[in-house]
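Report on the structure
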Amino acid sequence: MSLIPAALATATGLGVAGAAAGLVLPQRGRGAVVGVLTAGVGVAGGASGVAALGGSRWSAEIPGLLPLAGTHFAVDALSGLFMAVAGAVVAAVAVYGVGYVAGHGAHGFGSRAAQALLPLFALTLVLVPAAASVSTFLLLWELMALTSLLLVMAEHRARASVREAAVWYAVMTHLGLVLLLAGLSVYASQAGGETFAALRVGTAAMSPTVRGLVFVLTATAFASKAGLVPLHAWLPRAHPEAPSAVSALMSAAMVNLGVYGLVRVGFDLLGGGPAWWWLLVMAMGGLSAVYGILQAAMASDLKRLLAYSTSENMGLVVLGVGAAGLFAHAGDKVLAGLALAAALLHVVNHSAFKSLLFGAAGSVLRATGERNLDLLGGLRARMPITAGLFALGALGAVALPPGNGFISEWLLLQSMIHGLAVPGVTTAIVLPLAVAVIALSAGLAAAVFVKALGVGFFARPRTEQAAAAQESPLLMLAGMGLLAALCTALALVPGLLGDGLDRAVAVVGFAGTHPVSGGGLRVRLDEVSASLSPLWVVAALTVALGAVTATTRWASRRQRRRMNARLWDCGGGAPTPRMAYTATSFAEPLQRVFDDVLAPEQDVDVTPVRESAYLVERVAFRNRVPDRIEHRLYRPVLDFLAAAGQSARRLAGGSVHTYLGYGFFGLVALLVVLVVGW
Amino acid sequence: MGLLRKIRDTGRVAEPAPPEPDGEQPPAAKEFGGSVQVRCVDAGSCNGCEIEIAGAFNPVYDAERYGARLVASPRHADVALVTGPVTRNMAEPLRRTVAAMPEPRLVVAVGDCAINCGEFAGGYGVEGAVSDVVPVDLVVPGCPPRPAEIVAALRRVTGR
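The rules behind these values
- Residues numbered from 1 in each chain as written.
- Chains lettered and ligands numbered in written order.
- Predicted model: local features only at pLDDT ≥ 70, side-chain atom pairs only at ≥ 80, totals over all residues.
- Helix = DSSP H or I, 4+ residues; strand = E, 2+ residues; numbered from the N terminus.
- Buried ≥ 20, exposed ≤ 12 C-beta atoms within 10 Å, placed from the backbone.
- Contact = placed C-beta atoms within 7 Å.
- Nonpolar A, V, L, I, M, F, W, Y, C, P; charged D, E, K, R; others polar.
- Core = buried A, V, L, I, M, F, W, Y, C linked by C-beta atoms within 7 Å.
- Pairing = 2+ DSSP bridges.
- Axes fitted to C-alpha atoms, helices over the stretch in contact; angles between N-to-C directions.

Moving on to the overall build of chain B. Helix and strand counts for chain B come out as six helices and seven strands. Secondary structure of chain B in N-to-C order comes out as α-β-α-β-β-β-α-β-α-β-α-β-α. Judged by the C-alpha coordinates and their principal axes, chain B covers about 65 × 30 × 30 Å. When burial is assessed residue by residue, chain B has 42% of its 160 residues classed as buried. Sequence separation of at least 24 residues holds for 82% of the intrachain contacts in chain B that already meet a minimum separation of 6.

What follows is the structure, given as structure tokens:
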């Protein structure tokens, strides 16, 4: 009996038990029991994922579970990678959630419904990568979408904006489902079977047009799940409004499944494709990377900022996936393997640091009731552990050593730069652009997280809520601590993933380049002769920092007398917190630089006093940076739909006679058509 | 090339420095080693003294050749050059300015108003002379003092 089915069965059992516990238990103790069971789901799912990464495979058919189609499961290293990531995130976030729910009342995240749905959501996150037939996959996919949707709505009583976010999320995720359903249905009908095995076999006989159609439909659906621009509109709405534990799960585990789907369908099932598929994917990835991080740079809402950063990171991942497809199409399997490995490693890293960041943001939200960075500040002194954890997560997100994001982005850059060896005009144009995109987004990410950390946690508190903040309960810190340990491990010894990454890449038929194997301490690329030792980088940085600190201390000790002086404030009053940099003012130079892209809206209202137009009574200044793509792309569609609905209302005047008439004439028309037509 | 040669041939054309001023160098000034950074504080002056201070640092009097240099922050300064009677609004900023200067530090009161409120003594907005607010080490009398007198005072501080 292999470990995988046992672990998956355990996960399913614990998930269902957790849902039942959430439903029946009284509010006291509900959070703890559900949290423990959810953590169990995560551990079991993660264990099966790790086992799959270790090289074991498992597949099974359970015919009786679903009518007509039955259910099919298969776990290989690729699904194992995503299961392991989801499992680890779920386990840590479940621990965090127990602490998070303790401070909430009977409504919101602590409610019966939310607590019953949380284990189910966790379970679907773990099970989606294990699905091995179209119907099983779609069923779990939709279950995941529905449970997450209901969890997003958990706090709808507290804020009206939750409802709007939920509507956006519901519509977007179901549009994605429609595309996915259409794509996979076409695929299954053309391939002559709906199990993944049958799809793999049937692909060869399909015409390129149909394959292209299937790919475009499914890739669009997966891109919408991964939050890629321009299908990202739900992400910066739903993630901030969801309870923070749910945001962490969505941002660190759910969006990954979009990438999983893309890799599974694009590489594994369809077996790669022509260059234009992957150029499309890369275009979407590059656009998301730059646009996502630009919007994150403009955001003042901490969770919205993190959500846009998710969009950026998924963009980078998808850029890597697209590059892998392009290399595979050109016949360079080694580079394709490297690009895909870099993309998958970035998925892992992003999950680790983003769940940590969302956890810390939730911690801040819980302590202050405030997400707006402009109203925070001074939290480092009041919530030192949360601040430290946020800093660790931010270090991962800025893609600088010694953060964990650096390693995967470095690999991604290596694959792009060495990809120039692949002959062809396309690569010669696309790859330098991709390198520029990665570099630009990494640079902007640094500004974004300096802003989030500096404005949110340093300086002095700008509001009473921020001044009264207190450190979060131990369990929340413990959950974040687990994630922080994961981030640190990934940053120091990415070799811990070992051969698992290679196996995951090998699933889709690329030669493993063993980027992170080889003793675990070095990232070595034999094929393209490049290497990186994260541990040495960290050691060198630590030594340098220590040396600088020690020298400064030593130099200052030689001073005879030390004096404490007040801050030089030009002799006027002490500077107030209102004078400090806010998130908006910090982002202002960037906003100026990218003025043409962002198209900020500024409005100055000057109200003169009644007696004289020269004396000003009040000046109001408003500055908004709307999501321009959303504005231009979605607003016309929504306006059209609203107008169509309004005009259709005339048909429904409220008179019963009219409705009866519709029925009668409709029936007659149908009969006429049937008589004439057939 | 011609310019360089001209520079070499001409040599120094500055006039020799005037004789050293009378008076002791203040004890704290010895630590400055001949290089003194000066911060001006207008504590309520009519700006007459400011014009003369500007004159003291112009090319004619050139106080910088004796080692005195104007700086923009008390954090960089060794000497505060305070002018005017200290008004109520400027009393606290003056105290803070002097407190913000690193030790050793000197306060030089420039002009009659700084020494004894001069014309403005007893005014409703006047807090008092500079010495009523911060300890004064050196005074430069005059309404306004001539640039040469200000330079002389600064030379006593720099010792050059």
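Let's shift gears to the environment of Val79 of chain B. All names here are of chain B. In this structure, Val79 sits in strand β3 (residues 79–83). Given 27 C-beta atoms within a 10 Å radius, Val79 is considered buried. Note: C-alpha distance between Val79 and Met101 (22 residues apart in sequence) is 8.3 Å. Ignoring anything within four residues of it in the chain, the contact list for Val79 reads Val36, Val38, Leu106, Val108 and Val157.

A separate point is the interface of chain A and chain B. Of the residues lining the interface, four residues belong to chain A; the matching set on chain B comes to eight residues. Along the lines of polarity and charge, the residues of the side of chain A that touches chain B split into two nonpolar, two polar and no charged.

Turning our attention to the nonpolar core. Val90, Leu125, Leu249, Val318, Leu344 and Leu356 of chain A are the most contacted members of the largest nonpolar core, which has 228 residues in total. Sort the elements by how many residues they give to this core and helix α13 (residues 333–368) of chain A lands first, with 22 residues. Those residues in contact with Leu344 of chain A that sit more than four places away from it in its chain are Leu81, Leu501, Ala504 and Val505 of chain A. Of all hydrophobic cores here, the second largest spans 46 residues; its members include Val41, Ala43, Val98 and Leu154 of chain B.

Looking now at the sheet that holds strand β1 (residues 36–42) of chain B. Residues and elements named next belong to chain B. With respect to topology, five strands assemble into an open sheet ordered β2-β1-β3-β5-β7, the strand pairing being parallel. Two strands bound the open sheet, and with one partner strand each, they are β2 (68–70) and β7 (138–140). This sheet shows a mean twist of 30° between the axes of neighbouring strands, independent of strand direction. Judged from the five bridges that link them, β3 and strand β5 (residues 106–110) form a sheet pairing that is parallel. Bridge pairing in β5 places Thr83 opposite Val110. This element, helix α3 (residues 88–100), spans β1, β3 and β5 of the sheet and lies at about 165° to β3. The strands touched by helix α6 (residues 147–158) within the sheet are β1, β2, β3, β5 and β7, with β7 carrying the most contacts at an inclination of about 165°.

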